[in-house]
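For reference, the chains in residue letters:
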Amino acid sequence: MRRGELNGLYVITDTTRFQREALVEAVSEAIQGGARIVQYRDKSGDAERRRDEAAALGELCRHHGRVFIVNDDVALATEVGADGVHLGREDAPLTDTRARFQAAGLDAIIGVSCYADRLRAERAAAEGADYLAFGAMFPSPTKPHAPGAPAEVLGWARERLGRPVCGIGGITATNVGDLMPHRPDMIAVISEVFAAPDIRAAAETMAQAMAAGPIESLSSTNHDPENP
Ligand SMILES: Cc1ncc(COP(=O)(O)OP(=O)(O)O)c(N)n1
Ligand SMILES: Cc1ncsc1CCOP(=O)(O)O
Ligand SMILES: [Mg+2]
């Protein structure tokens, strides 16, 4: 389901900054700015709030034809009819999650955090992960203690593992050009879009920087004065 749409700007909610109506409005702005994939990420532990917000964001994404992913919580993803779930090393195992979705009759997307761990990525790909996320690519304001990952792991995974690849962590419109030569399918951001004064403009700038990435990064190392 929607596996062919795993590319472009991937925005992840900041539910410490926005709740309910404001959250839907913020994500709507990001979508209008060019976000292709939306992840509901909330660590509040407030079940009612989570159900309410995830359902509202699911509806928004369906309306705009965007992929909707729920972080960590397979039951919530199933309940709100999300396109899939994102799992890290503290979350449910991939194979159990696939079995749960299948038991519910769902062909859902399962994304897996691989950090900088190539063995973990190989295992996740072999077990049928639909995309692989690597990071933090740069120091992250949202997760300041996240260990770093080298940009090269993106290209390695894309070539070797044959799955869509996502970079995450501290990515901005200014530094995304350093990642684009490694051809990530998706770039995931929280702060760069949701901490911006104009969310729509920030998403637009990110999407444009991604599209221009490899060319800009080549031109920034072009020392030919005849062809600046
Ligand atoms: C697209 C994407 N990549 C990585 C993560 C991080 O997942 P995880 O390591 O489980 O950490 P939390 O986000 O749950 O704190 C992600 N959520 N999305
Ligand atoms: C969830 C997550 N996993 C690794 S870094 C990160 C946070 C990304 O947020 P930001 O784009 O603000 O650095
Ligand atoms: Mg997690």
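Details of the structure are given in the entry above.
Thresholds applied
- Residues numbered from 1 in each chain as written.
- Chains lettered and ligands numbered in written order.
- Predicted model: local features only at pLDDT ≥ 70, side-chain atom pairs only at ≥ 80, totals over all residues.
- Helix = DSSP H or I, 4+ residues; strand = E, 2+ residues; numbered from the N terminus.
- Buried ≥ 20, exposed ≤ 12 C-beta atoms within 10 Å, placed from the backbone.
- Contact = placed C-beta atoms within 7 Å.
- Near = placed C-beta within 6 Å.
- Nonpolar A, V, L, I, M, F, W, Y, C, P; charged D, E, K, R; others polar.
- Pairing = 2+ DSSP bridges.
- Axes fitted to C-alpha atoms, helices over the stretch in contact; angles between N-to-C directions.
- Core = buried A, V, L, I, M, F, W, Y, C linked by C-beta atoms within 7 Å.
- Arc of directions from axis to C-beta.
- Right-handed = clockwise from strand over helix to strand, strands pointing away.

A. Highlighting the overall build of the chain. Helices and strands together make up the secondary structure of the chain, namely nine helices and eight strands. In terms of its C-alpha atoms, the chain occupies a principal-axis envelope of roughly 60 × 40 × 30 Å. Buried residues in the chain amount to 46% of all 228 residues. In the chain, 64% of the contacts between residues at least 6 apart in sequence involve partners at least 24 apart.

B. Inspection of the site of ligand 2 at higher detail. Neighbouring residues of ligand 2: 15 residues in total, closest Ser140, Thr142, Gly169, Ile190 and Ser191. Here the residues of the shell around ligand 2 are counted per class, giving seven nonpolar, six polar and two charged.

C. Layout of the environment of Gly170. In this fold, Gly170 is placed in the loop between strand S7 (165–168) and helix H7 (176–179). For Gly170, a count of 22 C-beta atoms within 10 Å corresponds to the buried category. Taking the C-alpha atoms as reference points, Gly170 and Leu23, separated by 147 residues in sequence, lie 21 Å from one another. Once residues within four sequence positions are removed from consideration, Gly170 is found in contact with Ala136, Met137, Phe138, Pro139, Ser140 and Pro141.

D. The sheet that holds strand S8 (residues 186–189), seen in detail. The sheet built from eight strands closes into a barrel, its strands ordered S1-S2-S3-S4-S5-S6-S7-S8 with parallel pairing. Neighbour-to-neighbour, the strand axes of the sheet open up by a mean angle of 25°, direction not taken into account. Note that strand S6 (residues 131–134) and S7 share three bridges and pair parallel. In the sheet register, Leu132 faces S7, and the bridge partner there is Val165. Relative to strand S5 (residues 109–115), helix H5 (residues 118–126) is tilted by about 165°, and along the sheet it contacts S5 and S6.

E. Summary view of the nonpolar core. Residues Val11, Leu132, Phe134, Ile187, Val193, Ala203 and Met206 are the most contacted members of the largest nonpolar core, which totals 73 residues. Top contributing element to this core by residue count: helix H9 (residues 199–220), with seven residues. Discounting residues that sit within four places of it in the chain, Phe134 has contacts with Cys114, Tyr115, Ala116, Ala149, Val153, Leu154, Ala157, Val165 and Gly167.

F. Structural context of helix H4 (residues 94–103). Those residues of H4 that sit buried are Leu94, Thr97 and Phe101. Along H4, the residues classed as buried sweep out an arc of 60° about the axis, all on the same side. Across H4 from its buried face, at more than 90 degrees, point the exposed residues Thr95, Asp96, Ala99, Gln102 and Ala103. Next to the buried residues of H4 lie helix H3 (74–79), strand S4 (84–87), S5 and H5. Positive backbone phi, at 75°, marks Gly105, one or two positions downstream of H4.

G. Highlighting the pairing of S5. Within S5, seven of the seven residues are buried, leaving the element largely enclosed by the surrounding structure. Residue alternation in S5 divides its side chains into two sets, Ile109, Gly111, Ser113 and Tyr115 and Ile110, Val112 and Cys114, and both sets are buried. Pairing of S4 with S5, which is carried by four bridges, proceeds in the parallel orientation. The residue of S5 that forms the bridge with His86 is Gly111. Crossover connection from S4 via H4 to parallel S5: handedness right-handed. Bridging between S5 and S6 involves four bridges; their strand directions are parallel. Note that in S6 the partner of Val112 across the bridge is Leu132. Regarding the hand of the β-α-β motif, the stretch spanning S5, H5 and S6 is right-handed.

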